[in-house]
Structures are given as C-alpha cells and as structure tokens.
Amino acid sequence: MIALYLGIALLLVVAAFFVLLATRRHAPADADNQLHRSAQRSFYRQRQAELAADRDAGLIEDNQYQELVRELDRQLVVESATEEPSKQRVGQRSLIVILAMALPLLAILLYGQLGYHLDLQLRSLQREIVEQGIDEARWQRYQDLVADILARRPESGEHLVMMATLFRQQGDFAGALPYYQRLEALYPNDADVLAQLAQARYLLNGRQVDEQTQALLNRAFAINPQQATALGVLGIDAFAAGRYSEALTYWQSLLQVLPPNSAEAGVIAGGIAESKRLAMADGELEGLAVTVTVNADLGPTPAGVLFVVAKSADGSPMPVAAMRLPLSAASEQKWPVTVYLTDSDVIRQGKVLADFPELVVSAHISLAGTAIRRAGDWLAEPVSLKADAEANAIALTINAIQAAK
C-alpha cells in the first residue's frame, strides 16, 4: 500500500505544479488588461464631457452631438471586445485547475475499480505462502483474490493462467477447464494454451482423445511441432492403447525439449524404455537390451548422465546408435539399469541395427552430461555383438574411472 500512497502523492504534486504554472503564466496579462480597461473608461467619460461642452458652447449642432456620442459608444463596444480573450483565459485556467485536481482522483477511482489494490494483496499473500507454506485458509484467500481481480478485469491473461495453474496443480482439471477456455478465446494462436486445454479435456474425458481434443492438439502442433504438453498427451494416449511404437515416437521428441537432468526427463526416459521393451516383445521393433550395473567398489554413483553407445566394429568413430539416461540422485539410483537400443535409435540415416555385421557396445557415466568422455567419467568395458547372434541382450559393468590425459 505504501507504493499506492506514494503514487497518489506524486500525482497531487504534479497537479499542483501545473495549477501554479497556469496561474503564474496568466497573471501579468491579467494586470495589463485591468489597466487597459480603466484607461478606456476614463477616456470615455472625458470625451463625453468634451462633446457636451462643445454643444453647449454652440460649436456643434445637437444632431452632430448625438452622432458623435453614438460613434464614441461604438468605439467603446469594439475596444471592450478585446476583454473576451481575457475572460476565455480565465475560463480555460479554471478548466485546467479542475482537470489537474481531478486527475489524481480519477486515477484513484480507476485504481480501485479495476482492482489493482487487490494485486498488492495477492503479492503479499504469495510472499506469505513462500515463507510460511500454504494451508486451507491461504488457499481459499488466494482463490478469492484472483477471482475478485478477474471479475474486475476479465481479460487479464496473467490471472487466468494463475487460476488455471492453481486448479491443475491441485489435480482439479474440471476447475481449470473454464480458465483454459477463456485463455483460448484470448490467445487462439498460443500453442501452450491450446495444448493445456487439450490436456485438461483429455484427463476429464477418461483419458480419451475425442474429436475436439484432437483438433486442439493439431492446432498446437501446427504452431509448435515440439510443444511438450501435446507430445506428452499423445504419447500417454498411444501407450495406453498399446501403440508402443507410436508412443515411442512422441516421447523421443518430447525428451529432446526437456531439460536434460530434470525430473520430467527422467520420467519420460523411463516411459521410452518401457515402450521399447513392449514394442520389442510384440515384434513391432527390433532392438538390443543393454543391462548396465556399477561395481560397488567404486563407491556412491556420481550425479550425471548414463550414455550407452553402439558403434560399428569397422572402427568408424561415428556411433550407430546411442541412448542417454539422466541418473537419479546417488542415494536414489538403483542398479542395474536396462537401456534399449533399437532401430529407432540408429543415427545413420536409412540404416537399422541388422545392417551392421558386428557392433561394439559401451557405456559410461558422464559427470558433465556430454557424450564425449572426460577425466573423472565412469566407464564400462565394451562388449562386441555380432548381428547373427541369437541373443538380443548383453550386460555391461561400470568398473573404471577415466584418467586425466
């Protein structure tokens, strides 16, 4: 509220400055006008007396006297007209004063009418929640404040997003849906809004992609082909329907746009692995299951990224296929980990794993999160696998640390 009071005080100071400026600007002109009008009146009376004296002395006839008096009156009227601009200036100055004083009052009224004072209360409540946590009473106050602001400013996208996010975080997609619908009306070309509305509809519809939800997803993809929420929804829908290869396609695209070491990336990586396993089991996809374990003698697993790479045995440095898996915190990471290298992971365009007579498969944990091995990375001994081998699974053990060169 201090900011509000300071703003009001500033408006009043500015208004007073303009009033003073207008008053000082016109004061000299008004004084000159008053002197001029006084001189006019003196001249008029003196001239009347002279004309009367000339008539009485017989210097002019009575009809001449009457004509000269009328001419004198006419001149007085014409010269008095010059006073009107002064009167107009007085009126204009009065209008300036009224407007200058009214502006701060109008600003205060608009501030209250549009609910901007409620934004101050909302920010204060947000700080309180950050410092003390959220309970039922604060949650209800938060909802009430945002709802009150939206009642005054129904097209405030910021507050519509707040309400939609609040309900979504509580798992209340029915509560979030109307806010996403209002956001769609305001921002029909925003891929994030379209995808989040589609997600809310999908979850409320028993995890089914109906015609309207599909239309929203199509619009989101037309704007942004890598829209994360849309990729996630379609991946989940395909997986639930047993279309594992399709789910794999969506989730592999999604993994590319997620922060590498985020919790979301870890979840999606797990979904990708399961999709591959099931697709391989159904014969939809050819691949290789690589089980990686860590020698306990190395100690706690460091934070980093697990890379599993397959190269051709012909010595080419370019990988045939590769997988990266962000690792959980050392205290939570469980070993062994199974990674699936499939035809969908082959880097060389137009090739599949079976096109290579012999593959050399290796694994390492990168501390920096890069595919290139560096000092301090944890390594496994590579294993060779021929294309005609019947086994489609191999095991690797990480048991060494890369030395500095």
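Everything numeric in this text was worked out from a predicted model, so none of it was measured.

### Section: the nonpolar core
Next up, step 1: One finds Leu122, Tyr142, Val146, Met163, Tyr179 and Tyr180 to be the most contacted residues of the largest nonpolar core, which totals 52 residues.
Next up, step 2: In terms of residues, this core owes the most to one element, helix 8 (residues 191–204), which gives seven residues.
Next up, step 3: Sequence-distant contacts of Tyr142, defined by excluding residues within four places in its chain, comprise Leu122, Leu125, Gln126, Ile129, Met162 and Leu166.
Next up, step 4: Membership of the second largest hydrophobic core comes to 29 residues, among which are Val292, Met323, Leu325 and Ala380.

### Observations regarding the environment of Gln333
Next up, step 1: Relative to the assigned elements, Gln333 resides in the loop between strand 3 (319–326) and strand 4 (337–342).
Next up, step 2: It is 9.7 Å that separates the C-alpha atoms of Gln333 and Pro302, two residues lying 31 residues apart in sequence.

### Section: the pairing of strand 3
Next up, step 1: Direction of pairing for strand 2 (residues 305–312) relative to strand 3: antiparallel, over a ladder of seven bridges. Paired with Leu306 across the strands is Leu325, a residue of strand 3.
Next up, step 2: Here strand 2 folds back onto strand 3, and the loop between the two strands holds six residues, one of which, Gly315, carries a positive phi near 90°.

### A few points about helix 5 (residues 136–152)
Next up, step 1: Here helix 5 spans 25 Å end to end across 17 residues, near enough to the 24 Å set by a 1.5 Å rise per residue.
Next up, step 2: Regarding helix 5, the residues found buried are Arg138, Trp139, Tyr142, Gln143, Leu145, Val146, Ile149 and Leu150. The buried side chains of helix 5 occupy one side of the element, clustering within an arc of 165° when seen end-on. Projecting away from the buried face of helix 5 at angles above 90 degrees are the exposed residues Glu136 and Ala151.

### Remarks on the environment of Gln66
Next up, step 1: Along the polypeptide, Gln66 turns up in helix 2 (residues 62–80).
Next up, step 2: The partly exposed category is assigned to Gln66, whose relative accessible area is 34%.
Next up, step 3: When the C-alpha positions of Gln66 and Ala52 are compared, they lie 9.8 Å apart, and in sequence the two are 14 residues distant.

### Some remarks on the confidence of the model for the protein
Next up, step 1: With 72% of its residues at a pLDDT of 70 or more, the protein has an overall mean of 79.
Next up, step 2: Across residues 83–87, where pLDDT falls below 50, the model places five contacts with residues more than four positions away in sequence or in other chains.
Next up, step 3: Considering only residues more than four positions removed or in separate chains, one finds that residues 107–115, a stretch of pLDDT under 50, has 14 contacts.

### Thoughts on unusual backbone geometry
Next up, step 1: Looking along the chain, the bond that leaves Trp335 and enters Pro336 is cis, with omega of 0°.
Next up, step 2: With respect to the helices, strands and loops of the structure, Pro336 is situated in the loop between strand 3 and strand 4.
Next up, step 3: The phi dihedral of Arg207 falls on the positive side, at around 60°, and the residue is not glycine.

### Points about helix 12 (residues 263–281)
Next up, step 1: The terminal C-alpha atoms of helix 12, which comprises 19 residues, lie 27 Å apart, in line with the 27 Å expected from a rise of 1.5 Å per residue.
Next up, step 2: Listed in full, the buried residues belonging to helix 12 are Ala265, Ile268, Ala269, Gly271, Ile272, Ser275, Lys276, Leu278, Ala279 and Met280.
Next up, step 3: Considering only its buried residues, helix 12 is in contact with helix 10 (228–240), helix 11 (244–257), strand 1 (287–294), strand 3 and strand 4.
Next up, step 4: Looking one or two places after helix 12, you find Gly283, whose phi comes out positive at around 80°.

### So, the packing of helix 10 against helix 11
Next up, step 1: Relative orientation of the contacting elements helix 10 and helix 11 amounts to 155°, with a least axis distance of 8 Å. Comparing the axis directions of helix 10 and helix 11 gives the class roughly antiparallel. With respect to the hand of their crossing, helix 10 and helix 11 are arranged in left-handed fashion. Each of Ala228, Leu231, Gly232, Leu234, Gly235, Ile236, Ala238 and Phe239 in helix 10 lies in contact with helix 11, whose residues at this interface are Tyr244, Glu246, Ala247, Tyr250, Trp251, Ser253, Leu254 and Val257.
Next up, step 2: Grouping the amino acids of the contact of helix 10 with helix 11 by side-chain chemistry returns 12 nonpolar, three polar and one charged.

### What about the pattern of salt bridges?
Pairing between side chains becomes possible if they bear opposite charge and their charged atoms approach one another.
Next up, step 1: A full pass over the atoms with the stated rule returns six salt bridges.
Next up, step 2: For Arg219, the salt bridge identified is with Glu184, shortest N-O distance 2.9 Å. One end of the pair, Arg219, is in helix 9 (residues 211–223); the other, Glu184, is in helix 7 (residues 173–186), and 35 residues separate them in sequence.
Next up, step 3: Overall, Arg219 belongs to the partly exposed group, its relative accessible area being 32%.

Cut-offs applied
Residues numbered from 1 in each chain as written. Predicted model: local features only at pLDDT ≥ 70, side-chain atom pairs only at ≥ 80, totals over all residues. Heavy atoms only, no water. Core = buried A, V, L, I, M, F, W, Y, C linked by side-chain atoms within 4.5 Å. Buried < 20%, exposed > 50% of the residue type's maximum accessible area, 1.4 Å probe, protein only. Helix = DSSP H or I, 4+ residues; strand = E, 2+ residues; numbered from the N terminus. Contact = heavy atoms within 4.5 Å. Pairing = 2+ DSSP bridges. Expected span 1.5 Å × (residues − 1). Arc of directions from axis to C-beta. pLDDT = per-residue confidence, 0-100. Axes fitted to C-alpha atoms, helices over the stretch in contact; angles between N-to-C directions. Parallel < 35°, antiparallel > 145°, perpendicular 65-115°, else oblique. Left-handed = near helix turned anticlockwise from the far one by under 90°. Nonpolar A, V, L, I, M, F, W, Y, C, P; charged D, E, K, R; others polar. Salt bridge = Lys/Arg side-chain N within 4 Å of Asp/Glu carboxyl O.

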